[in-house]
Amino acid sequence: MTAVEEQFRQIKTFIFDIDGVLTDGGVSLLASGERYRTVFIRDTYAIEQALKADFRVAIISAANADGLRSWLTSMNVKDIFMGGPSDQKVNAFLGYIARDGLNESEILYMGDDLPDLPILNRSAVLSTCPADAVDEVQAVSQYISPKVGGRGAVRDVIEQVMKTQGKWGL
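Quick caveat, the model's predicted, so the values are computed rather than measured.

Concerning the side chain of Asp79
So, step 1. Tracing the backbone shows Asp79 in strand E5 (residues 79-82).
So, step 2. For Asp79, a relative accessible area of 12% puts it in the buried group.
So, step 3. For Asp79, the side chain forms a polar contact with the side chain of Arg99, separated by 2.6 Å.
So, step 4. In this structure Asp79 touches Arg56, Val57, Ala58, Ile59, Tyr96, Arg99 and Asp100, once residues within four positions along its chain are discounted.

Printed below as a string of structure tokens:
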């Protein structure tokens, strides 16, 4: 078993960025100025399965859109930290783990761009990224999904963890 597979066995919490991870990073603009993003249904399914298997799922993102929040809430994601400055994501992360007494070695974080580096660089966290993450993020990630952001990267890491723990497809 590889070192990453050993880490997969310990994961109890998934934390994801939105843009470039749960979405492909594109933002469509309507004439009204409203922005919308598209999510991949297979990623959605994997999040639902993780929640059913009693994993924690959290979101930390500078994005702040009512549609995203509504979608996450409808899936029963309870820990949603959205709308802060992109350079302060690590503060949301630290506040979350302190609030809930989480062990960093039981956390998988997936990010794709420079604002994610302060979390991805934390030595105990399992750092992961989509295949199309920026070079700096790929350089520090312990697992690089073969899938791109918004097209299965989230499903990939959830499925990998749950299969390693014998919880996928139950």
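After that view, the rundown keeps rolling.
Examining the sheet that holds strand E1 (residues 13-16)
Strand pairing within a sheet occurs via backbone hydrogen bonds; the two strands may be parallel or antiparallel.
So, step 1. Pairing in this open sheet of 6 strands is parallel, and the strands run E5-E4-E1-E6-E7-E8 from one edge to the other. Single-partner strands in this sheet number two, and they are E5 and strand E8 (143-144).
So, step 2. Bridge analysis of E1 against strand E4 (residues 56-61) gives 4 bridges, and the strand direction is parallel. Note that in E4 the partner of Ile15 across the bridge is Ala58.
So, step 3. In the packing of helix H8 (residues 153-164) onto the sheet, the strands contacted are E1, strand E6 (107-110), strand E7 (126-129) and E8, and the crossing angle to E1 comes to about 170°.

With respect to the pattern of salt bridges
Where side chains of opposite charge bring their charged atoms close, a pairing between them can arise.
So, step 1. Evaluation of the coordinates by the stated rule reveals 10 salt bridges.
So, step 2. In this structure, Glu159 and Arg155 form a salt bridge, with 2.9 Å as the shortest nitrogen-oxygen distance. Taken together, the residues span about one helical turn, with Glu159 and Arg155 both in helix H8 at a distance of 4 residues.
So, step 3. Glu159 gets classed as buried once you look at its relative accessible area, which sits at 18%.
So, step 4. Across the pair Glu159 and Lys163 runs a salt bridge, and its minimum N-O distance is 2.7 Å. Of this pair, Glu159 and Lys163 both sit in helix H8, 4 residues apart, roughly one helical turn.
So, step 5. When salt bridges that share partners are traced, they join Arg56, Asp79, Arg99 and Asp100 into one network.

Focus: the UniProt feature "binding site: Mg(2+)" (unreviewed entry) in the protein chain
So, step 1. Per the UniProt record, the feature "binding site: Mg(2+)" (unreviewed entry) sits at Asp17 and Asp112. Sequence-wise these annotated residues cover 96 residues; spatially they are packed, their C-alpha atoms never more than 7.7 Å apart.
So, step 2. Here Asp17 is to be found in the loop between E1 and helix H2 (18-22).
So, step 3. Residue Asp17 is classed as buried on the basis of its relative accessible area of 5%.
So, step 4. Setting aside anything within four residues of it in sequence, one finds Asp17 in contact with Leu22, Ile60, Ser61, Lys89, Tyr109, Met110, Gly111, Asp112 and Asp116.
So, step 5. Positionally, Asp112 belongs in the loop between E6 and helix H6 (117-120).
So, step 6. Once residues within four sequence positions are removed from consideration, Asp112 is found in contact with Asp17, Asp19, Gly20, Val21, Pro130, Ala133, Val134 and Val137.

Notes on the packing of aromatic side chains
So, step 1. For the structure shown, the criterion picks out 5 aromatic pairs.
So, step 2. Summarising the aromatic geometry, the rings of Phe14 and Phe55 are spaced 5.3 Å apart at their centres and angled 45° between planes, so their arrangement reads as tilted. One end of the pair, Phe14, is in strand E1; the other, Phe55, is in the loop between helix H3 (41-52) and E4, with 41 residues separating them in the sequence.
So, step 3. Among the aromatic residues, those joined into a cluster by ring pairs are Phe14, Phe16 and Phe55.

Rules behind the numbers
Residues numbered from 1 in each chain as written. Predicted model: local features only at pLDDT ≥ 70, side-chain atom pairs only at ≥ 80, totals over all residues. Heavy atoms only, no water. Helix = DSSP H or I, 4+ residues; strand = E, 2+ residues; numbered from the N terminus. Buried < 20%, exposed > 50% of the residue type's maximum accessible area, 1.4 Å probe, protein only. Polar contact = N/O pair within 3.5 Å; in protein donor to acceptor, adjacent residues only side chain to side chain. Contact = heavy atoms within 4.5 Å. Pairing = 2+ DSSP bridges. Axes fitted to C-alpha atoms, helices over the stretch in contact; angles between N-to-C directions. Salt bridge = Lys/Arg side-chain N within 4 Å of Asp/Glu carboxyl O. UniProt positions renumbered as here; feature names shortened; annotations may be inferred. Phe/Tyr/Trp six-rings, centres within 6.5 Å; stacked < 30°, edge-to-face > 60°.

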